[in-house]
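Working through the structure, step by step
This is what each chain is made of:
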Amino acid sequence: MWRGHELFISSLPVLVEYIPATLFYFLVPTVISLVLGAWICRVRVGKKNALYWLVSLFVSFFRGTPGLVQIYIVFFGLPKIFEPFGININRWDAGIFYVIATCCNFSSFVSEAFRGAYEAIDKDQIEAGYSIGYSRWQCFRHVIAPLTMQIALPNLKNLEIDLLKGTAIAYVIGVVDVMGRADKIIAQHRGYGQIWILLAAAILYFLINVVIELVFNSLTRHYSRHERGIA
Amino acid sequence: MNLNVKFMISDIPTVLSALPVTLELTFASLFFAILLAVLFGVCILKKIPVLKQFVIGLNTFIKGVPLIVQLLFCYYALPYVLRAFDGVLGYTYDPKHPSYFGFAVVAFAFNYGAYMTDVVVSSYRAVDKGQLEAAYSVGMSTFQAMWRIVIPQAVVISLPNLSNYFMWLLKATSLASVVNVFELLATARASTAVNYAILEGYLVAAGIYWAVCILAEQILKRINKKMNRYQKTVSAV
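Parameters at a glance
- Residues numbered from 1 in each chain as written.
- Chains lettered and ligands numbered in written order.
- Predicted model: local features only at pLDDT ≥ 70, side-chain atom pairs only at ≥ 80, totals over all residues.
- Heavy atoms only, no water.
- Helix = DSSP H or I, 4+ residues; strand = E, 2+ residues; numbered from the N terminus.
- Contact = heavy atoms within 4.5 Å.
- Areas by Shrake-Rupley, 256 points an atom, 1.4 Å probe, with all protein chains shown as cover.
- Lys, Arg positive; Asp, Glu negative; His and termini not counted.
- Charge placed at Lys NZ, Arg CZ, Asp CG, Glu CD.
- Salt bridge = Lys/Arg side-chain N within 4 Å of Asp/Glu carboxyl O.
- Polar contact = N/O pair within 3.5 Å; in protein donor to acceptor, adjacent residues only side chain to side chain.
- Nonpolar A, V, L, I, M, F, W, Y, C, P; charged D, E, K, R; others polar.
- Phe/Tyr/Trp six-rings, centres within 6.5 Å; stacked < 30°, edge-to-face > 60°.
- Buried < 20%, exposed > 50% of the residue type's maximum accessible area, 1.4 Å probe, protein only.
- Axes fitted to C-alpha atoms, helices over the stretch in contact; angles between N-to-C directions.
- Parallel < 35°, antiparallel > 145°, perpendicular 65-115°, else oblique.
- Left-handed = near helix turned anticlockwise from the far one by under 90°.
- pLDDT = per-residue confidence, 0-100.

1. Overview of the overall build of chain B
Helix and strand content of chain B: 10 helices and 0 strands. Starting at the N terminus and ending at the C terminus, chain B contains elements arranged as α-α-α-α-α-α-α-α-α-α. With the principal axes as the frame, chain B shows a C-alpha extent of 70 × 50 × 35 Å. Sequence separation of at least 24 residues holds for 78% of the intrachain contacts in chain B that already meet a minimum separation of 6. Of the roughly 12800 Å² that chain B leaves accessible, carbon and sulfur atoms contribute 69%. Between the mean site of the 18 positive side-chain charges and the mean site of the 10 negative ones, chain B shows a separation of 10 Å.

Laid out in structure tokens, this is it:
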């Protein structure tokens, strides 16, 4: 508390420099998970073959265990998998392990959001698409994808915000992002002012979340731009 | 890839012995989160000036900040608060044995309380206004109408959302291992200190979390089904 606000002011610009790192650990899993999640969703709404059960098991595991445990398992387990092939990945950056773990986790959640939305769309729309001669790809591109996206967006927004907040726990395996840097500053100032450094980090995370919220609000407007005509 | 399977099997009872701590943490946090959510919800629903704006602002901020930051914040900040209360009402502050469990509960309660406030507000508003009027029309007092008519319906409406948050909370308690709470994950890590079978310890922890989550999901599904048994007749009319 004593002179703490000075620490707040001095650590803020240092932490701001690590916003790009946090955004990197947010955007890379986002892009990969949207693709992977869409694929998982496609498998899970399809035939119940071996692939379906395998993917379902994957989704169940990554939805049923804490993200922190998954990060640890990937961090300690992946080098063990690569070991027999004579590849040593122990020197890889901790961020890579975080991204791999998060992609598995996040794509599971995204796939469920997509699946829920896909099951909610009016299947007549798809038939109508085929009836005017759309190919499967055209039907997906012009009918299924926009409708699913529109329904999944509110869910997706919550997931994305959770993902951004989730990047903060990456520091436990040594990833240096906003929280990782804050942890280092705390370690440098043993025993005092931790609250102020954390407050600085909290404000930065909050501001990034505000931006994400605004982006998603405009996306929601974009995807529901046709609604007005019907209503 | 050579997993120490023998150790994994022998490690299961050790890790399982910490499951009560995780559940305790979950239920304690859930209890205080619901308490806070109802308190916050009343502030918003009754439109109490200043308090309403304060609650909305606080909730917005809490929802925008990572849980781990809040946990660490409570971990570092609450000792100062407790020290300030030293000597009040016979309470003595003991700096050597801080209650890390309690600190974690405070952080979880505020985080999930913020989310559950929305559930409380929306499920109260989802109850048909006519229900309250009908209760008044048969001569119930406000308290009776609330307690017997509105709240039971609001609880049923809020249950699916609450069970969702319960599942999130159950998994989120693993974060408390970072702030010195000896729950399932921290115990799993500590149990591997003997032979450095770190991955095996975490796999055991993951397996137990997975099993508990699946079990909890099934139980919650049952409860939801049971609670909804009155809803069906209404919608059938």
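2. Points about the overall build of chain A
Regarding its fold elements, chain A presents 10 helices and 0 strands. Going residue by residue from the N terminus, the α and β elements of chain A occur as α-α-α-α-α-α-α-α-α-α. A principal-axis box enclosing the C-alpha atoms of chain A has dimensions of 70 × 55 × 25 Å. Sequence-distant contacts, at least 24 apart, represent 77% of the contacts inside chain A between residues at least 6 apart. Carbon and sulfur atoms form 63% of the exposed surface of chain A, whose accessible area is close to 12000 Å². Separation between the mean location of the 20 positive side-chain charges and that of the 15 negative ones in chain A comes to 3 Å.

3. Some details on the interface of chain B and chain A
Facing the 34 residues of chain B at the interface are 39 residues of chain A. For A:Lys80, the salt bridge identified is with B:Glu200, shortest N-O distance 3.7 Å. Summed over the shared surface of chain B and chain A, the number is 6 residue pairs in polar contact (both at pLDDT 80 or more). Where the side of chain B that touches chain A is concerned, the elements lending two or more residues are helix 3 (51-63), helix 4 (67-84), helix 7 (142-172), helix 8 (184-191) and helix 9 (198-227) of chain B. In terms of residues, the side of chain B that touches chain A owes the most to one element, helix 9 of chain B, which gives 10 residues. In terms of residue class, the side of chain B that touches chain A is built from 25 nonpolar, 5 polar and 4 charged.

4. A short note on the packing of aromatic side chains
Between two aromatic rings, the relevant description is the distance of the centres plus the angle of the planes. Residues and elements named next belong to chain A. What the rule picks out here adds up to 26 aromatic pairs over all chains. Taking 4.7 Å as the distance between ring centres and 50° as the angle between the ring planes, the aromatic pair formed by Phe-58 and Phe-62 counts as tilted. Pair noted here: Phe-58 and Phe-62 are both in helix 3 (residues 50-64), with a separation of 4 residues, about one helical turn. By relative accessible area, which is 11% here, Phe-62 ends up buried.

5. Digging into the packing of helix 2 (residues 19-44) of chain A against helix 7 (residues 136-166) of chain A
All names here are of chain A. Interaxial distance between helix 2 and helix 7 falls to 11 Å at its minimum, and their mutual angle equals 135°. Classified by the interaxial angle, the pair formed by helix 2 and helix 7 is oblique. The two elements helix 2 and helix 7 cross, and the hand of that crossing is right-handed. Residues Thr-22, Phe-26, Pro-29, Thr-30, Leu-34 and Arg-42 of helix 2 lie in contact with helix 7, whose contacting residues are Arg-136, Leu-156, Glu-160, Leu-163 and Leu-164. Across the contact of helix 2 with helix 7, the residue classes tally to 6 nonpolar, 2 polar and 3 charged.

6. Digging into the pattern of salt bridges
As enumerated under the stated definition, the model contains 6 salt bridges over all chains in all. Residues participating in the shared-partner salt-bridge network are A:Arg44, A:Glu112, A:Arg115 and A:Glu119.

7. Brief notes about the confidence of the model for chain B
When pLDDT is averaged along chain B, the result is 88, and 97% of the positions lie at 70 or above. Per-residue pLDDT, averaged within each element of chain B, yields its smallest value for helix 10 (residues 229-236) of chain B (58) and its largest for helix 2 (residues 19-45) of chain B (94).

8. Comments concerning the environment of B:Arg125
Residues and elements named next belong to chain B. One can find Arg-125 in helix 5 (residues 100-126). Since its relative accessible area comes to 49%, Arg-125 is described here as partly exposed. Excluding anything up to four places from it in sequence, Arg-125 contacts Ile-44 and Leu-45.

9. Let's talk about helix 8 of chain B
Counting buried positions over the 8 residues of helix 8 of chain B gives 6, a clear majority of the element. Among all positions of helix 8 of chain B, only B:Leu184, B:Leu185, B:Ala186, B:Thr187, B:Ala188 and B:Ser191 are buried. The inward-facing, buried residues of helix 8 of chain B contact helix 4 (67-82) of chain A together with helix 1 (5-16), helix 2 and helix 9 of chain B.

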